[in-house]
Amino acid sequence: MIGIVRIALRRPYTFVVLALVIMIIGPLSAMRMPVDIFPDIRIPVIAVIWTYTGLPPDQMAGRVLTQSQRGMTTTVNDIEHIEATAYNGLGIIKLFFQPNVDIRTANAQVTAAVQSQVRQMPPNMTPPGILNYNASTVPIVQLALSGSGMSEQQLADLASTWCARR
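Remember, it's a predicted structure, so these values are computed and weren't measured experimentally.

Reading guide: rules and limits
Residues numbered from 1 in each chain as written. Predicted model: local features only at pLDDT ≥ 70, side-chain atom pairs only at ≥ 80, totals over all residues. Heavy atoms only, no water. Helix = DSSP H or I, 4+ residues; strand = E, 2+ residues; numbered from the N terminus. Core = buried A, V, L, I, M, F, W, Y, C linked by side-chain atoms within 4.5 Å. Buried < 20%, exposed > 50% of the residue type's maximum accessible area, 1.4 Å probe, protein only. Contact = heavy atoms within 4.5 Å. Pairing = 2+ DSSP bridges. Salt bridge = Lys/Arg side-chain N within 4 Å of Asp/Glu carboxyl O. Expected span 1.5 Å × (residues − 1). Bend = angle between axes of the 7 residues up to and from the residue.

Enquirer: Is there a simple way to think about unusual backbone geometry in this case?
Expert: In terms of backbone geometry, most residues other than glycine have negative phi values and most peptide bonds are trans. Positive phi, close to 60 degrees, is recorded for Asp78, a residue that is not glycine. Within the secondary structure, Asp78 sits in the loop between α3 (57–75) and β2 (79–87). Not every positive phi belongs to a glycine, and Asn124 is a case in point at roughly 65 degrees. With respect to the helices and strands, the residue Asn124 is situated in the loop between α4 (103–117) and β4 (129–134).

Encoded structure:
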């Protein structure tokens, strides 16, 4: 440590120049450094959520999801791939788009496609919900609760009241 002090006393201009270089390069490198812990991942996705109470998953897949997917592949541009999942009374279609797509145009095309498809669906089916999201908006933490002697409804109430207080 004393060796550095002796060199600094013998060569003061060297350390002044070194301090100036650090003052210039430090903020410049800090401005260029990415600061986001979770970077923006540009994979645009639109989810189409069909609901029809009482429709079993196999009929939801056959009567609703397959028809909707066929219609979207012909009317919506820049689709990379499609994933569909059928549940009891619920069908979810995820449309993954090319990274350079204009998501507003894609959303308008999806909305127009599903509005025209509603007439071909089972009677009294309402138009689906349409959600835009990308990979950086997907939750990264999932919380599971358990309680001995508590019902599922009691656990849900406990979780919602606890989250409301935070």
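Moving on from the model shown.
Enquirer: Help me understand the nonpolar core, please; the structure alone is not making it clear to me.
Expert: Grouped burial of nonpolar side chains is what soluble globular proteins tend to show. Counting residues in each nonpolar core, the largest one holds 20 residues, and the members touching the most others are Val48, Trp50, Met72, Phe97 and Val110. When residues of this core are traced back to their parent elements, those giving at least two are β1 (44–51), α3, β3 (90–97) and α4. Those residues in contact with Met72, other than ones at most four positions away along the chain, are Val48, Ile79, Ile93, Leu95, Val110, Ala113, Val114 and Gln117.

Enquirer: I keep staring at the pairing of β1 and nothing clicks. Help me out?
Expert: Where a strand is regular, its side chains alternate between the two sheet faces. With six of its eight residues buried, β1 lies for the most part within the structure. Judged from the seven bridges that link them, β1 and β3 form a sheet pairing that is antiparallel. The residue bridging Ile46 from the neighbouring strand is Leu95, located in β3.

Enquirer: What is the right way to read the environment of Val64 from this model?
Expert: Structurally, Val64 can be placed in helix α3. Sequence separation between Val64 and Pro122 is 58 residues, and the spatial gap between their C-alpha atoms is 7.9 Å.

Enquirer: Sorry if this is basic, but what is going on with the environment of Ala156 here?
Expert: Mapped onto the secondary structure, Ala156 falls in helix α5 (residues 152–165). Here the alpha-carbon distance between Ala156 and Leu145, two residues 11 residues apart in the chain, equals 8.6 Å.

Enquirer: I'm lost on the pattern of salt bridges in this one. Help?
Expert: Pairing of side chains with opposite charge becomes possible as their charged atoms draw close. All told, the structure shown has one salt bridge when counted by the stated rule. With a closest N to O distance of 3.4 Å, Arg104 and Asp102 form a salt bridge. Looking at Arg104, the relative accessible area reads 65%, which means it is exposed.

Enquirer: What exactly am I supposed to notice about α3 here?
Expert: Residues lying three or four places apart along an α-helix face the same way, a consequence of the helix completing one turn every 3.6 residues. Here α3 contains 19 residues, and its C-alpha end-to-end distance of 25 Å stays within 8% of the 27 Å for a straight helix at 1.5 Å per residue. When the local axis directions of α3 are compared, the greatest deviation, roughly 35 degrees, occurs at Leu65. Along α3, the residues classified as buried are Met60, Val64, Leu65, Ser68, Gly71 and Met72.

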